[in-house]
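# Examination of the molecular architecture
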Amino acid sequence: MNQPTTNNQQPATIVVLISGNGSNLQAILEACASGELNAQVVAVISNKRDAFGLERARRVNVPAIVKPKLKAQERREYDAELADLVASYQPDWVVLAGWMRVLSAAFLDRFPQHVVNLHPALPGTFPGIHAIERAYEAYQAGEMTHTGVMVHLVPDEGVDDGPVLAQEIVPIKADDTLESLEARVHAIEHRVLAATLKTLLQKGER
Ligand code: GAR
């Protein structure tokens, strides 16, 4: 973690962890480029070789690194190596934008209060994978009328759980398909994630 800086005009540094498409990474990159975020993405790290988000990073000359977990590797060993890699970029913030591995204390204790996760559901609902699909199925079963998105700090190994920084309800419509709901959720995620990071950065917390 960088030392607190006295000059808050200095762009904050962000390492983004991804596992896939990287549309939320794209939203962060665009918010940095437009000046909405006074920040710079200093590295993008994926645990998946074929994650399209790596290409999005390369396009704008951001280091794009593949760090898969080896089969023989213990989880904590991988997390410690990942933490070393992330720390080498001296980030102010670590953002999990579609990072689909639960991080252990071997990682999280290295960046206390500075790991931010995005999840496509409201707090306490549908943790883990396929959250939008499960919300859609729950709607079809008459169990709920809306889903949502949230951004939260990651204090421990709780799955998609931690102090909530922002949340927004996403209505589910009668004529929604899973695809139309996914598109709406993602569009809202892009906006909410950028706005939440902006608020964090403006607080001057590093
Ligand atoms: C996003 O919907 C994000 O909220 C979700 O993965 C997607 C990644 O999309 N994360 C989780 O489900 C975490 N449990 P992207 O790669 O296009 O940004």
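These numbers were taken from a predicted model, which means no experiment stands behind them.

Moving on: empty space enclosed by the protein. Inspection of the entire model under this criterion finds 1 cavity of 30 Å³ or more. Contributing to the lining of the largest cavity are Gln 113, Leu 153, Val 154, Pro 155 and Pro 163. For the lining of the largest cavity, the residue count by class is 4 nonpolar, 1 polar and no charged.

Note that Val 170 resides in strand E7 (residues 164-171). Using a relative accessible area of 0% as the deciding quantity, one classes Val 170 as buried. Separated by 15 residues in sequence, Val 170 and Val 185 place their C-alpha atoms 6.6 Å apart. Discounting chain neighbours no more than four positions away, the residues touching Val 170 are His 146, Thr 147, Gly 148, Val 149, Leu 181, Arg 184, Val 185 and Ile 188.

Contacts to the ligand come from 13 residues, most closely from Gly 22, Ser 23, Asn 24, Asp 160 and Glu 189. With respect to the ligand, the backbone of Gly 128 contributes an N or O atom lying 3.4 Å from a nitrogen atom. Side-chain polar atom of Glu 189 to an oxygen atom of the ligand: 2.3 Å apart, as the coordinates give it. In this structure, the ligand is accommodated by the largest pocket.

This part covers the packing of helix H1 (residues 23-34) against helix H6 (residues 178-202). Where H1 contacts H6, the axes come no closer than 9 Å and their chain directions differ by 45°. Considering their axes alone, H1 and H6 lie oblique with respect to each other. Here the hand of the crossing between H1 and H6 comes out right-handed. Residues Ser 23, Asn 24, Ala 27, Ile 28 and Ala 31 of H1 touch H6, and the partners they reach there are Glu 189, His 190, Leu 193, Ala 194 and Leu 197. Across the contact of H1 with H6, the residue classes break down as 6 nonpolar, 3 polar and 1 charged.

Now for the packing of helix H5 (residues 131-140) against H6. Between H5 and H6, the least distance of the axes is 10 Å, while the angle of their chain directions is 125°. With respect to each other, H5 and H6 are oriented oblique. Once H5 is placed against H6, the crossing between them reads as right-handed. Packed against H5, whose contacting residues are Ile 132, Glu 133 and Tyr 136, the element H6 presents Leu 178, Leu 181, Glu 182, Val 185 and His 186 at the interface.

This part covers the pairing of strand E5 (residues 115-119). The side chains of a regular strand alternate between both faces of the sheet. The buried fraction of E5 is high, at 5 of 5 residues. Every second residue of E5 is oriented toward a common face, with Val 115, Asn 117 and His 119 on one face and Val 116 and Leu 118 on the other, all of them buried. Taken together, the 3 bridges between strand E4 (residues 93-96) and E5 define a ladder with parallel strand orientation. Bridge assignment links Val 94 to a residue of E5, and that residue is Val 115. With 4 bridges joining them, E5 and strand E6 (residues 146-153) adopt antiparallel strand pairing. Each residue of the ladder has a partner; that of His 119, found in E6, is Met 150.

About the criteria used
- The written sequence of each chain sets the order in which its residues are numbered from 1.
- Residue-level local features of this predicted model are given only where pLDDT is at least 70; pairs of side-chain atoms are given and counted only at 80 or more, and the full residue set underlies all totals for whole chains, interfaces and linings.
- The basis for every side-chain value is the complete set of non-hydrogen atoms in the structure, without hydrogens or water.
- Grid points spaced at 1 Å over the protein atoms alone were grouped into cavities, where a 1.4 Å probe fits but cannot get out, and pockets, open sets with protein on both sides within 12 Å along at least five of seven lines, with lining residues defined by an atom within 4 Å of a point.
- Grid points are joined across faces, edges and corners, and a volume is the space filled by probe spheres set on the points.
- Nonpolar residues are Ala, Val, Leu, Ile, Met, Phe, Trp, Tyr, Cys and Pro. Charged residues are Asp, Glu, Lys and Arg, and all others, Gly as well, are polar.
- Labels follow the DSSP assignment, with helices taken as runs of H or I lasting at least four residues and strands as runs of E lasting at least two, numbered in each case from the N terminus.
- Burial status follows relative accessibility: with a 1.4 Å probe on protein chains alone, a residue under 20% of its type maximum counts as buried, one over 50% as exposed, and anything between as partly exposed.
- We call two residues in contact when some of their heavy atoms are within 4.5 Å.
- Any residue with a heavy atom positioned within 4 Å of a molecule or strand is treated as near that molecule or strand.
- Within 3.5 Å is the distance limit for a polar contact, defined as a pair of N or O atoms, with the added protein rule that one can donate a hydrogen and the other accept it, and that residues adjacent in sequence qualify only through two side-chain atoms.
- In this description, a molecule resides in a pocket or cavity if more than half of its atoms sit within 2 Å of the grid points defining it.
- As a rule, the C-alpha atoms of each element are fitted with a line to give its axis, helices using only the stretch in contact, and angles between N-to-C directions run from 0 to 180 degrees.
- Roughly parallel refers to an angle under 35 degrees, roughly antiparallel to one over 145, roughly perpendicular to one between 65 and 115, and oblique to any angle outside these ranges.
- By the definition used in this description, the sense in which the near helix is turned from the far one sets the handedness, with an anticlockwise turn below a right angle giving left-handed and a clockwise turn giving right-handed.
- One bridge is not enough; two strands pair if DSSP finds at least two bridges between them.

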